[in-house]
Structures are given as structure tokens and as C-alpha cells.
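One letter stands for each residue in the lines below.
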Amino acid sequence: MTIYNPTKCPPASEIDIPALHEKYLQERDRRIKKDHNEQYIPASGKWKDAYETDPYTPVAPRDPITGETDVVILGAGYCGMMVAAQLKKAGIDNFYNVDHGGGFGGTWYWNRYPGLQCDNDSLVYMPLLEETGYMPSKKFCEGYEIHDHCQMIADTFGLRDNALFHTMIQSLKWDPELNRWHVGTNRGDDIKARFVVMAMGPLNKPKLPGIPGIDKFKGKIFHTARWDYDYTGGGWRDTNLDKLGDKKVAIIGTGATAIQVVPHLARHAKHTYVVQRTPSTIDARNNWPIDPEWFKSQKPGWQEERVRNFHRFVFDMPERGEPDMIQDIWTEVTRNVCAEREADGWPDMTPEEFAAKREVMDYRVMERLRNRVSELVQDPETAEALKPYYRYQCKRPASNDEFYQCFNQDNVDLIDVAETRGLEELTENGFMYKGKEYECDCIILASGYEVTSDLDRRWGIDTIEGENGLSIYDYWREGFQTFQGMTAHNFPNMFFTGFTQASFNASNSKTFIDQGFHIGYIASEALKRGAVRVEPGQEAQNAYITHLRSIAVDNSEFVTECTPSYFNNEGDDTKKRHIFGEPWGEGYYPFCEMLAKWRDAGKLEGLVLTQPETLEPAE
Ligand code: NDP
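Below or above, wherever it landed, is the structure these notes cover. (Residues numbered from 1 in each chain as written. Predicted model: local features only at pLDDT ≥ 70, side-chain atom pairs only at ≥ 80, totals over all residues. Heavy atoms only, no water.)

**Points about the packing of aromatic side chains**
A full pass over the atoms with the stated rule returns 34 aromatic pairs. Taking the centre distance of 6.0 Å and the plane angle of 65 degrees together, the rings of Trp108 and Tyr125 count as edge-to-face. Separated by 17 residues along the polypeptide, Trp108 in helix H4 (residues 107-110) and Tyr125 in helix H5 (residues 122-125) bring together distant segments of the chain. Relative to Tyr473, the ring of Trp459 lies with its centre 6.3 Å away and its plane at 55 degrees, an arrangement referred to as tilted. One end of the pair, Trp459, is in helix H15 (residues 455-459); the other, Tyr473, is in helix H16 (residues 472-475), with 14 residues separating them in the sequence. Here the two residues Trp459 and Tyr473 agree in accessibility, since each one is buried. Put simply, the rings of Phe483, Tyr521, Tyr544, Trp584, Phe591 and Trp598 pair up and form one aromatic cluster. One residue, Arg285, lies across the ring of Phe140, its end atom 4.1 Å from the ring centre. (Phe/Tyr/Trp six-rings, centres within 6.5 Å; stacked < 30°, edge-to-face > 60°. Helix = DSSP H or I, 4+ residues; strand = E, 2+ residues; numbered from the N terminus. Buried < 20%, exposed > 50% of the residue type's maximum accessible area, 1.4 Å probe, protein only. Lys NZ or Arg CZ within 6 Å of the ring centre and 35° of its normal.)

Shown next as C-alpha cells:
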């Protein structure tokens, strides 16, 4: 295996940046679809059944629950677990984690496809390593290791008794008489919850591409998030897909998931067609084992420091002498800019000047990655088709040591569908490509998740009604309206997580920990103060949004110029809401400091608390 020197990118003088910029725009334009998000169709019929059925854990019968609880948390993945752990720390034990799956883990419960690994530094991505005392085995852990660590978190924080698995929430209705939420589920529950926390994470619903004829195909078809090992052979922890030896398989998509799957298909299937619309950015993996001695030598607070370092190298401007602890594709652009700045004696630089340097380095790093494709793929035409022409961070960067080499095998073909903006058609026996039918036994959808579809479709909850029956879907139709990104006027005792009008860390799990902490603080304070109802006042919410917008950073040029993906609403710049919502323009850590100051003041300023005796709101 060649270990690629990650700092070896061509100098700016050797690349034609204006010409590349033009090429990036052309490549974007030939992929933009007029129907943007609507190219993905709602899962109904057999798709709905496939997505909603849990193939891993039998459903245990239980009686409906109709009692009261302090908190219902929607979700038991990373986000739901982080909220639960923080509630426990805040002294709240009386809650349920409600999840569609049959166990803890969310994404890491459902996704069991061969090759599944973390794509981020495990020491950053896997949460609560200090609390659980867990040492990840390597830089990018296997999916099952992350899943197992989720079980460890559940045990460490005593979350098992609070879990309601195989339960899908269907309705959430605020009851002003009880000052509680009615939580209705597919198990007949009507739980009366004082608080509700929406903690579903962004990758909870597999996405179905609206390829003409998608229902015609008579062979085996499944999404990567519902891998069928009965069909392929092998298993989650043993990826010997021995039943594919006589099968022709097509995999649709070349995102972070497909990159990990393809080498396993190439190894085991009789033939593999890799259907690509947009190439990924793929660096060498360099998946080194974690050294136990090094791990033991870390001082308390090390993970927090490492997460902060990761965030600074992905989104911020590091200080002089600040080392890049992560040393991978995620941090390379900033690492290289800092190295060159140091070589120049660390001249003063405004954030704008730093961003300009990053932009040039971005072209250089992407050129290095394109050169990597030429080095590894023998057929020049295939190599060219596999090269990414867009800015780093337009799509999630990946790393893999086997993906490109697969295309040198006789049993692997690249099916490049950029020209038709997606696969033309599925037939009874396979798929159409350039007017020819390609027969296959199995089609695997590595087509991602409903990240940017409308909230009602993404959340899959029919009814969410706050004060006076107001639907959250209507309230947020034109964009989020929140206070601190975590509460909303008209929706008392409800908390939100993720990418709303809060800020987000480069590591999702860190965002979830901090949001869980803040939510735990507000909920526990409300309970301690005897309040039955807490919500932001209209004025406080308006002021928050006004301030948020006044400090917003305009990155619309970058986003618009990106190739379409869920990062930019599939190229639809008319939509108000997309995955990253409206983040706090000053950055993640200033946002956290603002919240910490607000908590330290102890006044819950901006929230209206209602006491049961008076039922009169008090600021
Ligand atoms: P993505 O949304 O990133 O990729 C979907 C793929 O399907 C894209 O290549 C897309 O092409 C393709 N596609 C969609 N519709 C069609 C069509 N009609 N014809 C042809 N191709 C089509 O999904 P992934 O599952 O790969 O990744 C989703 C996210 O999951 C990642 O961004 C990441 O956040 C997470 N993930 C995390 C991992 C981790 O280690 N932590 C590992 C794997 C995934 P196009 O790009 O042109 O739209």
C-alpha cells in the first residue's frame, strides 16, 4: 500500500485556478436537477415497510403507556443518548428515550453495511470517551465498535430502563390544561410528558431516489441502511459476502457510504456496477491503531481539547503554534495554510485574508486528490470520471485505501450518470445506461438520507401541535424561529437539537453533548423552580433572531457554487431552510460562551416560566 504524503499538493503556480473555477461551475451546472430535493420520493408501500421494519431485533410485546413522565426524548442515537446523559447529570431520571430501532445507536444501530467505519477521527467523534474510559481501537473505528460503545454509554449512564424501543412517535400535542405534551405512538401509548426533546439526528430516514421504474426491478433491491446479509452472505462483523459469488450487483451512489461498500462488492460479487453521478473526494486512509500508552498518558480534559482542535482546523483560524492533532483530510487545508504562514514568519492576517489563503489551498489540495486518482486508476477515461471538480467541503471528504483500485478489476465497471443527472431508468432485469440494458441480480441504494426534505417528511410525525393547535410545520414553513436554537415561542416545554438557529461543532457528537447540557439545565431549573411551563417570550425570541441575523456570515457564494448535495439543498438556493439552518456567525465556541454566560446569570432571561399556583406567567 502506498502511503500518500498528505502535504504534497502542487504549488499554486502549477495550477490554473480561474480555469478550475470555471470547470467547477460547469460540473455543478451539469448536475443540478430542476426538481432539486423533489427528485427523492417519499417511501411508501414496500419501501415504507422496508424502512420501518427492524431486521435485527425482534419486537417485544408491551402494554401501551399512558402515565406521566418528566421528559420524552425522541431518539436513542448519538443525539438522544447525549441528551439523556446530560439529563441524568442534571438530576432528571424520569424520562424515556423513544426510538424506532430496537436498541441504542441510531445511525449506528441501523447501518450495518460491510465496510462501515467512522469517517472522522474516532477520538473526536466517539463521545464521552473519558466518562466511559473507552479507548477506540484505531483512528477510524468499525461501525460495530461504535455501536458497541453506544451500549457502553447506555450502561455507564443507566439509560436502559428509560428506553422505549421499536416505538414510533406519531403525534405530539400540547395540553394547556395539564401543561404537558401528549405523546402518541404506534404502540398505542399516550404518554403525558412535561418536556419533549426532539433529538432525531440528521440521518434518520433513508432516501429513495425517484429513478423512473424504481418499482419495476424484479431482483433484490435494498438500501445500505437495511443491508440484507441473508441475501449477500457474511455478516456485520464478518464481511465475507460469499453468496454474491454468482451475482451481478449494481450500487447506486458514490457518497461516503458507497466508498466504504464498493471494495467489499468488488471482492465478492461476480460483477459490480458502480453508478456514479458525482465523484467523492477520497484521500488515503492512514488508519493507524491507537497506542494504549499514548491513550493512558492523556490528561483529564483531553477529549474536549482534541474536539476543539478539530473544530478550529475545520472552521476557524488557529493560533500560532497550535498543532493539528487530527492530521487527516479534514484538517489538511488549514494545516497547510498554517505551515506556510509559519514559514513566512507568521505575518498578521485578517480572517478574510486567511479565508483567501484557504481558498487557494483548497484548489491545491483538490488537485492533489485528483492526481491521486490518476495514480491509482489505470484506465485514463475512468480515472477522469472519478475526479472531483468542486471545492473541498462541498461534499463530505472521505478516505479509503481500496476504492479506486477496484476500477482496475475486470469485474468492476464505473457507470457515470452525470450526463443524465442520475440513473436513466430501472427495468425488470436491471438498469438502462446510454440506451442499453444492463442486467443485474441485485441493486443496492447507497443514496443517502432525507436531510433536506421538508420537516414533516423527514421527521415522519403526523402531528406536532403547540399552543392553540399551531403546527410546528406551519410555524417553521418559511424557516426556523427559535430562541437560542433550542426553544420556540408557542411550543412550551419543547426543545430542539441539531442545526436550527444554534451553532454547530465540526463534530456532531460535541454539538449534541452541549445542546443536551443546555436543555438539561433549562429543564432541571424549571422543575426546581416549580414551573410547569417554560417557553421563550415573543420579544426575546425576536431579539435573538434579529441579533443572530446581524452577525450572520454570508457564505452563500461558496454554497451556491458547490456541486449539488444535501449540504446546499441539492443546489436549490431559493429555499429558506437547509441542513445548516442559520448558525451563530461568531462561531461555535463564542456561541457556547454566550450560553454559559446566560446560564451563569441564573435568570433564565428571555424564558417565561409559569407556576402552577398562579398559572400566571412570570419572566
Ligand atoms: P450521500 O447523500 O452522501 O450520497 C448519496 C449518493 O447517492 C450520492 O453519490 C448521490 O449522487 C447518489 N445518488 C442519489 N440519487 C441518485 C440517482 N438518481 N442516480 C445516481 N446516483 C444518485 O449519502 P451517504 O449514505 O453516502 O452518506 C450520507 C452521510 O452519512 C454522509 O455525508 C455522512 O454524514 C454519513 N456517513 C458517515 C459515516 C461516518 O463515518 N461517520 C460513514 C458513512 C456515511 P450525487 O452526489 O450526485 O447527489
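**Overview of the sheet that holds strand E18 (residues 442-445)**
The parallel open sheet is built from five strands, whose spatial order is E9-E18-E10-E11-E14. The sheet is open, and its two borders are formed by strand E9 (220-223) and strand E14 (412-416), each paired with just one other strand. Averaged over all neighbouring strand pairs, the angle between strand axes comes to 20 degrees, with direction disregarded. Across four bridges, strand E10 (residues 248-252) lies against E18 in parallel orientation. Each residue of the ladder has a partner; that of Ala250, found in E18, is Ile443. In the packing of helix H9 (residues 256-268) onto the sheet, the strands contacted are E10, strand E11 (271-276), E14 and E18, and the crossing angle to E10 comes to about 170 degrees. (Pairing = 2+ DSSP bridges. Axes fitted to C-alpha atoms, helices over the stretch in contact; angles between N-to-C directions. Contact = heavy atoms within 4.5 Å.)

**Considering the environment of Cys141**
Structurally, the position occupied by Cys141 is in the loop between helix H6 (129-132) and helix H7 (143-156). The exposure class assigned to Cys141 is buried, which follows from its relative accessible area of 0%. Here the alpha-carbon distance between Cys141 and Leu123, two residues 18 residues apart in the chain, equals 9.4 Å. Dropping the residues within four chain positions of it, Cys141 is found in contact with Leu116, Gln117, Cys118, Ser122, Met126, Pro136 and Ile146.

**Some points on the layout of surface pockets**
In this model, the second largest pocket occupies a volume close to 500 Å³. Around the second largest pocket, the lining comprises 23 residues; the ones closest to its centre are Glu381, Thr382, Ala385, Leu414 and Asp416. Residue assignment for the lining of the second largest pocket shows that the elements contributing at least two residues are helix H1 (17-29), helix H14 (380-385) and E14. It is E14 that provides the largest number of residues to the lining of the second largest pocket, a total of five residues. Partitioned by chemical class, the residues of the lining of the second largest pocket number ten nonpolar, one polar and twelve charged. (1 Å grid on protein atoms, 1.4 Å probe; cavity = no way out; pocket = protein on both sides within 12 Å on 5 of 7 lines; lining within 4 Å. Points joined across faces, edges and corners; volume = space filled by probe spheres on them. Nonpolar A, V, L, I, M, F, W, Y, C, P; charged D, E, K, R; others polar.)

**Some words on the sheet that holds strand E17 (residues 436-439)**
Spatially, the three strands line up as an open sheet ordered E15-E16-E17, and their pairing is antiparallel. With partners counted over all chains shown, the strands left at the sheet margins are strand E15 (425-426) and E17, one partner each. Sheet topology places E15 next to strand E16 (residues 430-433); two bridges connect them, and they run antiparallel. Note on E16: the bridge partner recorded for Leu426 is Phe431.

**Re the side chain of Ser471**
Note that Ser471 resides in the loop between strand E19 (463-465) and H16. Exposure remark for Ser471: the relative accessible area of 15% places this residue in the buried category. One polar contact links the side chain of Ser471 to the main-chain amide nitrogen of Tyr473, over a distance of 3.0 Å. Those residues in contact with Ser471, other than ones at most four positions away along the chain, are Ile464 and Phe491. (Polar contact = N/O pair within 3.5 Å; in protein donor to acceptor, adjacent residues only side chain to side chain.)

**Brief notes about the site of the ligand**
Neighbouring the ligand are 28 residues, the closest being Asp119, Thr257, Thr278, Lys395 and Tyr566. The side chain of Lys395 places a nitrogen or oxygen atom 2.6 Å from an oxygen atom of the ligand. Measuring from an oxygen atom of the ligand, one finds a side-chain N or O atom of Tyr566 at 2.4 Å. Here the ligand has 910 Å² of accessible area as a free molecule, and 91% of this is covered by the chains. (Near = heavy atom within 4 Å. Areas by Shrake-Rupley, 256 points an atom, 1.4 Å probe, with all protein chains shown as cover.)

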